[in-house]
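# Structural features, examined
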Amino acid sequence: MSTTAVDLLILGAGWTSTFLIPLCQARGTSYAATSRNGRDGTLAFAFDPHSRDPAPFRVLPDAQTVLVTFPIKVEGASRALVELYQQTRQPTIGKKPLKTAFIQLGSTGIWDGGPTLKSAGHVWTDRHSKFDETNDRAKAEMEFLALAPTVPTTVLDLCGLWGGQRQPRNWVSRVAPTKDALKQKGSIHLIHGLDVARAILAVHAQFDRAAGERWLLTDLRVYDWWDLAAAWGEEGKQARWVRELMQEEGLRALPRSPEVIGRAMDSREFWTTFGLEPVKGRAGQE
């Protein structure tokens, strides 16, 4: 990890960084990363959304792209983070002023329960669909994106994250502890950490395609909780409940279609725009 000028500065070296840092190393992308306590060779940095003190930002290196991995929910904090970083950059004689681009990792949860999902007959959501503008993260994203084009910003809204210690097969008993709970479950959308890392570096490399835009990321699949529960549930519980529910609902086979489940996300535009395909396109297969 570098403490001089870097290609990518990762604010918040959490789960995503366990995939992103190895990919940066493999591709020769210089990087620096932060954590609250400076663990594992990271820079000690904690963002206080209520503070406007530039001092904590002075330890951060200059970067071509800054990735914000932690959620921001406080009004004005998105703008403050960008401005405080910019204010603490040191001008270099004879060089053009640094114009850093910023990526915020968000959540597809901003579409959950929003106006689009409540509309009659709705099935598909894409990045252009209406979302819940009262959601704190959504409001922070809007503030972040409003900085463009003066400041290049973009948001990557991620669905269910899996990979490494996060394995969907381990979620079934918690999500569907009873038959009634399982009956209520519909779709789930997933993306592997490696594909998140690939998406981040694709945006970093072609930021002109991303600036000012909100993107929705999945692995291009819609998973059915009944299907996953039948495959990965406890013997005599979830699999049996699924069979019984199929009989009760007159369902001939799994998975149920998006039209039956009633909720599906379309992330084709991101992958098409950046000329990529997910390499981890089937949940549970590392």
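Conventions used here
- Residues numbered from 1 in each chain as written.
- Predicted model: local features only at pLDDT ≥ 70, side-chain atom pairs only at ≥ 80, totals over all residues.
- Heavy atoms only, no water.
- Buried < 20%, exposed > 50% of the residue type's maximum accessible area, 1.4 Å probe, protein only.
- Helix = DSSP H or I, 4+ residues; strand = E, 2+ residues; numbered from the N terminus.
- Pairing = 2+ DSSP bridges.
- Contact = heavy atoms within 4.5 Å.
- Polar contact = N/O pair within 3.5 Å; in protein donor to acceptor, adjacent residues only side chain to side chain.
- Salt bridge = Lys/Arg side-chain N within 4 Å of Asp/Glu carboxyl O.
- Phe/Tyr/Trp six-rings, centres within 6.5 Å; stacked < 30°, edge-to-face > 60°.
- Lys NZ or Arg CZ within 6 Å of the ring centre and 35° of its normal.

## Topic: the pairing of strand β4 (residues 63-68)
Here β4 lies mainly inside the structure; 5 of its 6 residues are buried. Note: β4 against strand β5 (residues 101-107), 4 bridges, orientation parallel. Note that in β5 the partner of L67 across the bridge is I103.

## Points about helix α4 (residues 136-145)
Three or more residues of α4 are buried, namely A138, A140, E141, E143, F144 and L145. The inward-facing, buried residues of α4 contact α2 (77-87), β5, β7 (153-158) and β11 (214-217). Near the N-terminus of α4, the side chain that reaches the backbone nitrogen of R137, with its oxygen 2.8 Å away, is that of N135.

## Some details on the pattern of salt bridges
This structure, assessed with the given rule, holds 15 salt bridges. Here R263 and D112 are joined by a salt bridge, their closest N and O atoms 2.5 Å apart. You can see R263 sitting in the loop between α10 (258-261) and β13 (264-265) and its partner D112 sitting in the loop between β5 and α3 (115-118), a full 151 residues away along the chain. With relative accessibility at 40%, the residue D112 sits in the partly exposed group.

## Some words on the sheet that holds strand β1 (residues 6-11)
Taken in spatial order, the 7 strands of this open sheet run β3-β2-β1-β4-β5-β7-β11, and their pairing is parallel. Two strands in the sheet have a free side with no partner beyond their single neighbour: β3 (43-44) and β11.

## Details of the packing of aromatic side chains
Summed over all chains, the structure comprises 10 aromatic pairs. Ring geometry for F45 and F57: centres 5.1 Å apart, planes at 75°, overall edge-to-face. Within this pair, whereas F45 is found in the loop between β3 and β4, its partner F57 is found in the loop between β3 and β4, the two being separated by 12 residues in sequence. The exposure classification of F45 matches that of F57, with both residues buried. Considering the side-chain rings of Y85 and F102, the 5.8 Å spacing of their centres and the 90° angle between planes classify their relative orientation as edge-to-face. With Y85 in helix α2 and F102 in strand β5, the pair connects residues that are 17 residues apart, well separated along the chain. Residue classification places F102 among the buried positions, given a relative accessible area of 0%. The structure contains a cluster of three or more aromatic residues connected by ring pairs, namely F45, F47, F57 and F70. Positioned over the ring face of Y85 is R89, at 4.0 Å from the centre of the ring. Between R127 and the ring centre of W215, over which it is positioned, the NZ or CZ distance is 4.0 Å.

## Observations concerning the environment of A63
With respect to the secondary-structure elements, A63 resides in strand β4. Judged by relative accessible area, A63 falls into the buried class, the value being 1%. Separated by 223 residues in the primary sequence, A63 and E286 have C-alpha atoms spaced 32 Å apart. Sequence-distant contacts of A63, defined by excluding residues within four places in its chain, comprise V6, D7, L8, L9, Y85, L98 and T100.

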